[in-house]
Amino acid sequence: MSYCRQEGKDRIIFVTKEDHETPSNAELIADDPNDPYEEQGLILPNGNINWNCPCLGGMASGPCGSQFKEAFSCFHYSKEEVKGSECIDHFRNMQECMQKYPELYPQEEDKEISTQADSGPDSTTVLPERDSTAIVSPADSQTAS
């Protein structure tokens, strides 16, 4: 005979061999595509930001989470001709916060230095090739002729 016991927040269910031999009659509930807690990507169907998206890498919940949310929201909802141009102060605040926690938010230079230190003094670092194509503005081409 099966029975159930509650221990604090946990519910323990004991079942018999006979209980396992009978097919389940549980009905599965279809997923709700409008459920904001389902993994739906960065932008929810209603256009809001999904702060639970794993693609954000926990940035929205770290010590600088509020600054990240302000900056990212500003950029996402920006209507300016140069998208996000009005968000510079928000991104500056986020950057200042991240600099207070270098162990959580290492800077690119910090990563390169630690990679070089890990590779040892006799190793060679190969840098990626850069495009050497010159960009000439229309003003430059007029003065050249």
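Sequence positions are assigned chain by chain, starting from 1 and proceeding in written order. It should be noted that, the model being predicted, local features are given only for residues of pLDDT at least 70 and side-chain atom pairs only at 80 or more, the latter also being counted only at that level, while totals for whole chains, interfaces and linings use all residues. Side-chain measures were taken over the full set of non-hydrogen atoms in the model, leaving aside hydrogen atoms and water.

**What to know about the pairing of strand β1 (residues 3-7)**
Argument step 1. Should DSSP find at least two bridges between two strands, the strands are taken to pair. A run of H or I in DSSP becomes a helix once it reaches four residues, and a run of E becomes a strand once it reaches two; helices and strands are each numbered from the N terminus. Pairing between β1 and strand β2 (residues 10-14): 5 bridges, direction antiparallel. By the bridge assignment for β2, E7 is matched with D10.
Argument step 2. Adjacent in sequence and paired antiparallel, β1 and β2 are bridged by 2 residues, among which G8 carries a positive phi angle near 65 degrees.

**Section: the nonpolar core**
Argument step 1. We call a set of buried residues a nonpolar core when its members are Ala, Val, Leu, Ile, Met, Phe, Trp, Tyr or Cys and they connect through side-chain atoms within 4.5 Å of each other. Only protein chains enter the area calculation, which uses a 1.4 Å probe; residues under 20% of their type maximum are buried, those over 50% are exposed, and those in between are partly exposed. Counting 9 residues, the largest nonpolar core is built from L56, A60, C64, F68, A71, M94, C97, M98 and Y105.
Argument step 2. Contributions of two or more residues to this core are made by α2 (65-76) and α3 (88-99).
Argument step 3. For this core, the element with the most residues is α3, which contributes 3 residues.
Argument step 4. Residues within four places of Y105 in sequence aside, it is in contact with M59, G62, P63, C64 and M98. We call two residues in contact whenever any of their non-hydrogen atoms come within 4.5 Å of each other.

**Considering the state of the cysteines**
Argument step 1. Disulfides are defined as cysteine sulfur pairs within 2.5 Å. Applying the stated criterion to the full structure yields 3 disulfides.
Argument step 2. Note that C64 is cross-linked by a disulfide to C97, the S-S spacing being 2.0 Å. In this structure the cystine formed by C64 and C97 twists about its S-S bond by roughly -90 degrees; its chirality is therefore left-handed. One end of the pair, C64, is in the loop between α1 (17-21) and α2; the other, C97, is in helix α3, and 33 residues separate them in sequence.
Argument step 3. Classification of C64 by relative accessible area gives buried; the value is 1%.
Argument step 4. The exposure class assigned to C97 is buried, which follows from its relative accessible area of 7%.

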